[in-house]
Amino acid sequence: MGTAQSREGQNLTDSDSEEYHSDQEEEEDVPYDAVDRQETPHTTTSKTLDEIDTKLKSLKLKYPSPASLPNNPVKLYLHIGGNTPNAKWVLSDKLTSYTFIKNGSHRDDSDDDSDDRDSTDSFWVLKVGSKIKGKVSTGMQLKMLGDQRRVDFVSKGVWALKFLSDEEYRNFVTQFQDCIFENVYGLPATEENKVKIYGKDFIGWINPDAADDSMWEDAVDDHTPAKITPLRANQDLMEEFEEAANGGVHSLTLGALDNSFLVNDLGVQVFRNYHKGIHGKGICVSFDNKRSGSSSVQSTPKKAMLMRAETNMMLMSPLKDGNPHSTGIKQLDIETGKIVTEWKFGKDGTEITMKDITNDTKGSQLDPSESTFLGLDDNRLCQWDMRDKRGVVQSIGDESPVLNWTQGHQFSRGTNFQCFASTGDGSIVVGSLEGKIRLYSRTSMRQAKTAFPGLGSPITHVDVTYDGKWILGTTDTYLILICTLFTDKDGKTKTGFSGRMGNKIPAPRLLKLTPLDSHLAGANNKFHGGHFSWVTENGKQERHLVATVGKFSVIWDFQQVKNTAHECYRNQQGLKSCYCYKIVLKDESIVESRFMHDNYAANNSPEAPLVVATPMKVSSFSLSGKRSHG
């Protein structure tokens, strides 16, 4: 598969002194299969914005005197050409100004652009001259390039603002971040309000410069060089398998043993696991074997979970499309291809619903005697037991047996749980609608040991490393990577699952797309399904992170993200964001991207193969070449 350098960041072209006009050719997006997005700050193959400015000045253009400059003066550039070879930055305005205004205020009354108006809500909007007007949000994907006094962002196109001084650049970034805070929480971005929202223990999330980042620094292996050599064209993603997937794929379930599975409109499609990926066995277990009189005529399962040494699969169907809740699950015996039991969720004689299910631990699906699993609903966190109180269920009748609620808690107030995951020892991390991430020990589901405040965006998916030291939360516009390590009063290093972290909580890292890639991914595409690579053995560390957005499967090097000396983190203000990643692009929206179990890592590869499922196809990729570190 081919690679290409990012055409954003430092590699910029321009039409010299000519301004861009809206009647010029619109940008064109050209598909590509794999793109290396690891940028090298001082490597240039074309003119930078600074060189463009020098060229403009050499033409002896008449610049306004300082006294005649507008308030908040900036130069405005527009990126055209998408990902084509002709992609470039062009000067859109030699000199314009920006302002932050409250939507609906008297200062905005004369503006004819009503796209961002809202009759009930008041929020901050960024205006740049007459060309840009957009709500200040994480959806703008603002990228800071402090060494160039420049920010890039998305607003119906990809733009760059170039500031005339370092102070003006810093003022803009501060105002932008304050406006996001107020737009999210409805409160001015004062220190008092930030403490009110985040809590005094999370001072590092309010002011990252004051955070205790020693845990991040210790996280990088001793043998890792200060500057990690990134994967390049000769160490690229290699496509191993691609095949049709019988259509209508809803979910991907990887096994650590012999087989993996796709759930589609027809049933469960079986694939064989290899060191180069997964390959179809030509077997599909149909959903048509419903019992006569069964009342569980539900939509196609959206959740599939392997159990009992991967010989059984639990299938959970939403009550109806658009409603993720379910009243029960089906138990599929993979060896016979039959639904052997249909279970109901119930508590104290009352039928209840579940939104999600997961295994007790990261590796418990490999246990042949496993009979319990975890369940999550809006305000419920619990463990279910499949063992019937009257004995093991050998056959099923018209009445579906009810699962036994063995432990858990039904919270009286709205916790707005959205998603959850378990560690290697059975600790549980839960993401919520308001962005909170809660940590529960394996012995108590009643009270969280630690509750991270989040950044205001709903957590749509959450994953955790096998050792419980790292959490990956997915939001629509970014991933948030959290370190759970802390030192207790006795000097012992623990995780937030086992005790209260106090006020020395490390600031998180954010993983984002560049504004250009975010724009190319499509206006309505959102991040989903952020995962660590998969290990189930003590002492082994996950090596990569992967998430999906639109037609993109996006891969980060975990060790590189953890490295506080990583070049991405220089010249950033506020929480640090990493933009070094690889992209796999498919020709249709991706359903899910997952790394296979570490058992399937080949000797010459730094990682087990990546499996990418779209509604119509499933593909496997290997990272060829030597390990990027270690």
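In this text the structure is predicted, and so the values were computed from the model without any measurement.

Draft legend 1. Representation of the overall build of the protein in the model. Counting its secondary structure elements, the protein contains 7 helices and 41 strands. Relative to its full complement of 630 residues, the protein shows a buried share of 56%. In the form shown here, the protein has an accessible surface area of approximately 27,300 Å², with 46% of it arising from carbon and sulfur atoms.

Draft legend 2. Examining the pairing of strand S38 (residues 582-585) more closely. Where burial is concerned, the two faces of S38 agree: the one with Lys582 and Val584 and the one with Ile583 and Leu585 are both buried. Of the strand pairs in this sheet, strand S36 (residues 552-557) and S38 are connected by 4 bridges, and their pairing is antiparallel. The residue of S38 that forms the bridge with Val554 is Ile583.

Draft legend 3. Quick look at unusual backbone geometry. Of note in this structure, Gln141 is not a glycine but carries a positive phi near 55 degrees. Within the fold, Gln141 resides in the loop between strand S5 (132-135) and strand S6 (143-145). Assessed through its relative accessible area of 5%, Gln141 is described here as buried. Residues other than glycine seldom take positive phi values, yet Asn571 does so here, at roughly 60 degrees. Inspection of the secondary structure assignment puts Asn571 in the loop between helix H7 (558-562) and strand S37 (576-578).

Draft legend 4. Highlighting the packing of helix H2 (residues 166-185) against helix H3 (residues 191-198). Between H2 and H3, whose axes approach to 12 Å, the crossing angle comes to 50 degrees. By the angle between their axes, H2 is oblique relative to H3. H3 is crossed by H2, and the crossing has left-handed handedness. On H3, the residues that touch Asp178, Phe181 and Tyr185 of H2 are Asn193, Lys194, Ile197 and Tyr198. Here the residues of the contact of H2 with H3 sort into 4 nonpolar, 1 polar and 2 charged.

Draft legend 5. Spotlight on the pattern of salt bridges. With the rule as written, the count across this model stands at 23 salt bridges. Taking the shortest distance from any N to any O, the salt bridge between Arg543 and Glu607 comes out at 3.7 Å. Residue Arg543 is found in the loop between strand S34 (527-532) and strand S35 (544-549), and its partner Glu607 is found in the loop between strand S39 (592-595) and strand S40 (610-613); the two are separated by 64 residues along the sequence. For the pair Arg543 and Glu607, one class covers both residues: buried. One network of salt bridges, in which partners are shared, links Glu239, Glu242, Lys586, Asp587 and Lys617.

Draft legend 6. The confidence of the model for the protein, seen in detail. Taken residue by residue, the protein gives an average pLDDT of 81. The fraction at 70 or more is 76%. Within the model, the stretch residues 1-7 combines pLDDT values under 50 with 33 contacts to residues more than four positions away or in other chains.

Thresholds applied
- Residues numbered from 1 in each chain as written.
- Predicted model: local features only at pLDDT ≥ 70, side-chain atom pairs only at ≥ 80, totals over all residues.
- Heavy atoms only, no water.
- Helix = DSSP H or I, 4+ residues; strand = E, 2+ residues; numbered from the N terminus.
- Buried < 20%, exposed > 50% of the residue type's maximum accessible area, 1.4 Å probe, protein only.
- Areas by Shrake-Rupley, 256 points an atom, 1.4 Å probe, with all protein chains shown as cover.
- Pairing = 2+ DSSP bridges.
- Axes fitted to C-alpha atoms, helices over the stretch in contact; angles between N-to-C directions.
- Parallel < 35°, antiparallel > 145°, perpendicular 65-115°, else oblique.
- Left-handed = near helix turned anticlockwise from the far one by under 90°.
- Contact = heavy atoms within 4.5 Å.
- Nonpolar A, V, L, I, M, F, W, Y, C, P; charged D, E, K, R; others polar.
- Salt bridge = Lys/Arg side-chain N within 4 Å of Asp/Glu carboxyl O.
- pLDDT = per-residue confidence, 0-100.

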